[in-house]
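Structure assessment
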Amino acid sequence: MLSEDQRDALQELINIGMGRAGASAAAVLGEFVQLSVPRILILRPGLIPAALERILGSEPLTAVRQGFHGDLRGEAVVVYGAAHCRELADLMGYEDLLEPGAERELLLDVSNVLVGACLGGLAEQIRAEVGFSAPSLMAVDEAAASLIDVRDVDLPCALFVEVNFRLEVRSFACHLILLLVEEQILVLRNAVDRFLEAL
Amino acid sequence: MSPLNADEPGGFVADHLDVGVFAIDAAFRVTLWNRFMATHSRQRAEAVIGRNLFECFPELPRGWLERKVRQVQALRNYAFTSWTQRPYLFRFDHNRPITGGVDAMRQNCTFMPVRGEDGSVSQVCVTLQDVTDTAIAHQALAASLVELEREKAEQQRLIGELEEAHMQVLQSEKLASIGQLAAGVAHEINNPIGYVSANLGSLKRYLDDLMKVLDAHLELAAELPTECRERVAARTAGIDVDYLRADLPQLLGESCEGLERVRRIVLDLKDFSRMGETEKVPADLHRCLDSTLNVVANELRYKAELEKCYGELPEIECVPSQLNQVFMNLLINAAQAIEERGRITITTGSVGDEVFVSVRDSGCGIPPDELRRVFDPFFTTKPVGSGTGLGLSISYGIVERHGGRIEVDSTPGQGSEFRVWLPLHGGAD
Ligand SMILES: Nc1ncnc2c1ncn2[C@@H]1O[C@H](COP(=O)(O)OP(=O)(O)O)[C@@H](O)[C@H]1O
Ligand SMILES: [Mg+2]
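Structural notes, computed from the coordinates. (Residues numbered from 1 in each chain as written. Chains lettered and ligands numbered in written order. Predicted model: local features only at pLDDT ≥ 70, side-chain atom pairs only at ≥ 80, totals over all residues. Heavy atoms only, no water.)

Remarks on the overall build of chain B
Of the regular secondary structure elements, chain B holds 12 helices and 12 strands. Split into buried and exposed, the 429 residues of chain B put 38% on the buried side. Of the contacts formed within chain B by residues at least 6 apart in sequence, a portion of 65% connects residues at least 24 apart. Carbon and sulfur atoms make up 54% of the accessible area of chain B, which totals about 25200 Å². (Helix = DSSP H or I, 4+ residues; strand = E, 2+ residues; numbered from the N terminus. Buried < 20%, exposed > 50% of the residue type's maximum accessible area, 1.4 Å probe, protein only. Contact = heavy atoms within 4.5 Å. Areas by Shrake-Rupley, 256 points an atom, 1.4 Å probe, with all protein chains shown as cover.)

The structure is reproduced here in structure tokens:
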């Protein structure tokens, strides 16, 4: 689906986008954010649960989903381990013990920041206009393999971009996964081609 | 982008949308306030625009809102709130004050960056959507879900109880029908046993007499002339009188023993069918236990170390002879479960308004698949002759008639514990 060159270029674009994302997330969170080098996979949807399990292990997970639309369409999923949810409260300046409602709001908020930063960064690189829907809670304390129900995903393949966030001072970490459907991969490919031509 | 102007078409739409729209600048001064916001907050645009948002609405969650807006400015990105986590941003009345059952308008908010010419963001536009109807429907659904879950759990519990009751009914029914059968059989067998045992008694006496006659004859035969003795010897050749004399009483003794065993089984059966005494009197279970221990002392002595851990027991209403039989069954089973030498522990005590007597052994234990069958009449794993398979089912019936129950806990290879629970104040009957 992507040539070697296109793939490298896409990796590069995503790297730059994510770099910006790290900077703006740090500005909001007030802490230095480390980002892993994004991993890009093109997968059949049926393989997504297995990929998630390989990346995330077997601990119970909490996940937030957020749709994006415009020149790029797809879904972003931010996945947290149970222990890391609690770190967040502190991070975002909620001093008191969180009631479940507030804890969830916080999760949604942080997810929104991360997704917005990453996709915003990427969109800027490829000059795409992207809008966001409100994030929603997708799973609470579920196994990685059952996070995404692929039974009703009727697509030949999906782009799977995985980034890890880590805060320098705290043990907080989470994973961001972008899922793009096949036609959107073509959009990305065109953008990549434009990028390569401009070089 | 400049704040939307109500005189322009876009501004007109923003003003007349059924959605709250307002905007603020970097200093949180209101730059846009549409009609929805005005009518619901009862603050006209002229009264709000240009003023600090928190000044106009001091009840707003200031720290949180400031963070949210700074986020949008820094990231130039959307942000959201959902009524499920934060019911509302502004406390507005909602359109169902009477039938709704919620205290204020539920709101979903979207925070949008307003980009200036240079791409920087200083203003943030907020839309506020009235989702009260959805929220009410959602709450009703959630409530009925909870109710359904509760009902489901309740049904599950009832099914469990029914199953248990069903098992108990089955067990009592089995016992009852076997009891009837047993009563009949016991009655039928009692008669022949009666006369066979009477006959055996007579036979023994007759035999003694016959022996005396034989002795006399043998003694006198010695004095007979040789010719006569030879004729007698010829006619009794091949008969070993000494052997007969030794074996006959033994045969007879064994027959009596066998008969005694039959009689005991019949007695068991009779008990099983609830014959005999049934009157309840206050009794000291420790006394019952001790007298039972006296009776079975011989059977236990060679098998086990006996340990008594008696707790405090008040007197209870019971039929002591029947409980004796229960304890005897348990103790004998315990001894029989021990191969070489082991330990039998008797523990008593009370919990709430129940007392318990537990007999624990270090014997062979009971495999899980047999555990549910040990109370079945005629279930036995013992060789013919040493087990009737009635002991536990009789005990079960007796304890049940006392309003109590028997619990078993067993680990194959390590031992078993049979625990008899009885109510303090006699059960039914
Ligand atoms: N303490 C025990 N340890 C191991 N097995 C036991 C024990 N008590 C009862 N059982 C098992 O339950 C069966 C039924 O016991 P019971 O009704 O007293 O009949 P019986 O003793 O005549 O076999 C026994 O044959 C034995 O297999
Ligand atoms: Mg027995």
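Once the structure has been displayed, the description carries forward.
Brief notes about the interface of chain B and chain A
In this assembly, 14 residues from chain B lie in contact with 21 residues from chain A. Interface area for chain B against chain A, summed over the two sides, is near 1400 Å², with a carbon-plus-sulfur share of 54%. The largest per-residue losses of area from chain B upon contact with chain A belong to Leu-75, Phe-80 and Gln-85 of chain B, which jointly make up 41% of the total buried on that side. Here chain B is connected to chain A by two salt bridges. With its nearest N and O atoms 2.7 Å apart, the salt bridge here joins Arg-86 of chain B to Glu-105 of chain A. Taken together, chain B and chain A are joined by four residue pairs in polar contact (both at pLDDT 80 or more). Of all elements in the fold, only helix 5 (62–75) and strand 3 (79–81) of chain B reach the threshold of two or more residues within the side of chain B that touches chain A. Of the residues contributing to the side of chain B that touches chain A, the split by class is six nonpolar, four polar and four charged. (Buried area = accessible area lost by both parts, 1.4 Å probe. Salt bridge = Lys/Arg side-chain N within 4 Å of Asp/Glu carboxyl O. Polar contact = N/O pair within 3.5 Å; in protein donor to acceptor, adjacent residues only side chain to side chain. Nonpolar A, V, L, I, M, F, W, Y, C, P; charged D, E, K, R; others polar.)

Points about the nonpolar core
Grouped together as the largest cluster of nonpolar side chains are 49 residues, with contacts concentrated most on Leu-10, Phe-68, Leu-72, Leu-119, Leu-159 and Leu-176 of chain A. It is helix 4 (residues 100–125) of chain A that contributes the most residues to this core, 11 residues altogether. Once you skip the residues sitting within four places of it in the chain, Leu-159 of chain A turns out to touch Leu-10, Ile-40, Leu-41, Ile-42, Leu-178, Leu-179, Leu-180, Ile-185 and Leu-188 of chain A. Counting 39 residues, the second-largest nonpolar core is a separate cluster that includes Leu-285, Leu-293, Val-296 and Phe-375 of chain B. (Core = buried A, V, L, I, M, F, W, Y, C linked by side-chain atoms within 4.5 Å.)

Some details on unusual backbone geometry
Residue and element names in this part refer to chain A. With phi around 50 degrees, Asp-141 is a residue other than glycine that occupies positive phi space. Looking at where Asp-141 falls in the secondary structure, it is placed in strand 6 (residues 136–142). By relative accessible area, Asp-141 is classed as partly exposed at 48%.

Here we look at the packing of helix 10 (residues 320–337) of chain B against helix 12 (residues 391–401) of chain B
All names here are of chain B. Remark: helix 10 packs on helix 12, axes separated minimally by 9 Å, with the N-to-C direction vectors making an angle of 145 degrees. The element helix 10 and its partner helix 12 pack so that their crossing is left-handed. For the pair helix 10 and helix 12, contact is made by Gln-322, Leu-323, Gln-325, Val-326, Asn-329, Leu-330 and Asn-333 and by Gly-391, Leu-392, Ile-394, Ser-395, Ile-398, Val-399 and Arg-401, respectively. Residue classes in the contact of helix 10 with helix 12 are distributed as seven nonpolar, six polar and one charged. (Axes fitted to C-alpha atoms, helices over the stretch in contact; angles between N-to-C directions. Left-handed = near helix turned anticlockwise from the far one by under 90°.)

Section: the packing of helix 1 (residues 4–29) of chain A against helix 5 (residues 182–198) of chain A
Residues and elements named next belong to chain A. At a minimum axis distance of 9 Å, the contact between helix 1 and helix 5 shows a crossing angle of 90 degrees. With respect to helix 5, the axis of helix 1 lies roughly perpendicular. Contacts from Asp-5, Gln-6, Ala-9, Leu-10 and Leu-13 in helix 1 reach Leu-188, Arg-189, Val-192, Asp-193, Phe-195 and Leu-196 in helix 5. Residue composition of the contact of helix 1 with helix 5, by class: seven nonpolar, one polar and three charged. (Parallel < 35°, antiparallel > 145°, perpendicular 65-115°, else oblique.)

Some words on the site of ligand 1
Residues and elements named next belong to chain B. In the vicinity of ligand 1, 21 residues are found, and the nearest of them are Asn-333, Thr-380, Thr-381, Lys-382 and Leu-392. Contacts to ligand 1 include Lys-382, whose side-chain N or O atom sits 2.7 Å from an oxygen atom. Taking Leu-392, its main chain carries an N or O atom lying 2.8 Å from an oxygen atom of ligand 1. Protein contact buries 94% of the 530 Å² of open area that ligand 1 shows by itself. When residues of the shell around ligand 1 are traced back to their parent elements, those giving at least two are helix 10, helix 12 and strand 12 (415–423). Here the element with the most residues in the shell around ligand 1 is helix 10; it accounts for four residues. When grouped by side-chain class, the residues that make up the shell around ligand 1 number nine nonpolar, 10 polar and two charged. (Near = heavy atom within 4 Å.)

So, the pattern of salt bridges
Taken as a whole and assessed by the stated rule, the structure comprises 23 salt bridges over all chains. With a shortest N-O distance of 2.6 Å, Glu-183 of chain A and Arg-73 of chain A are connected by a salt bridge. Of the two residues, Glu-183 of chain A is situated in helix 5 and Arg-73 of chain A in the loop between strand 3 (61–70) and strand 4 (74–81); the sequence distance between them amounts to 110 residues. The class of Arg-73 of chain A is partly exposed, set by a relative accessible area of 40%. Where Glu-66 of chain B meets Arg-62 of chain B, a salt bridge forms, and the shortest distance between an N and an O atom there is 3.0 Å. A residue pair is termed a helical-turn pair when its members lie 3 or 4 positions apart in one helix, as Glu-66 of chain B and Arg-62 of chain B do in helix 5 at four residues.

Some points on the sheet that holds strand 3 of chain B
All names here are of chain B. Taking strand neighbours across the sheet as the criterion, the five strands line up as 2-1-5-4-3 in an open arrangement whose pairing is antiparallel. This sheet does not close on itself; its edge strands, each paired only once, are strand 2 (30–33) and strand 3. Each neighbouring strand pair of the sheet contributes to a mean axis angle of 20 degrees, computed without reference to strand direction. Sheet topology places strand 1 (residues 20–24) next to strand 5 (residues 121–130); five bridges connect them, and they run antiparallel. Looking at the pairing, Phe-22 lines up with Val-126 of strand 5. (Pairing = 2+ DSSP bridges.)

Description of the environment of Ala-335 of chain B
Residue and element names in this part refer to chain B. By the element assignment, Ala-335 lies in helix 10. Along the backbone, Ala-335 and Tyr-302 are 33 residues apart, and their C-alpha atoms lie at a distance of 9.0 Å. Ignoring any residue separated from it by four or fewer positions in sequence, one finds Ala-335 in contact with Glu-299, Leu-300, Lys-303 and Ile-344.

Quick notes on the environment of Gly-81 of chain A
Residues and elements named next belong to chain A. Note on placement: Gly-81 falls in strand 4. For Gly-81 and Gly-57, which are 24 residues apart along the polypeptide, the C-alpha to C-alpha distance reads 9.9 Å. If near-sequence neighbours (up to four positions away) are discounted, Gly-81 is found in contact with Glu-59, Pro-60 and Leu-61.

Quick notes on the packing of aromatic side chains
Aromatic rings considered in pairs are described by the distance between their centres and by the relative angle of their planes. Residue and element names in this part refer to chain B. Across all of its chains, the model carries 12 aromatic pairs over all chains by this definition. Plain terms: the ring middles of Phe-90 and Phe-92 are 5.5 Å apart, the flat faces sit at 20 degrees to each other, and that makes the pair stacked. Among the residues examined, Phe-92 registers a relative accessible area of 3% and is labelled buried. The positively charged end of Arg-419 is found above the aromatic ring belonging to Phe-356, 4.2 Å away from the centroid. (Phe/Tyr/Trp six-rings, centres within 6.5 Å; stacked < 30°, edge-to-face > 60°. Lys NZ or Arg CZ within 6 Å of the ring centre and 35° of its normal.)

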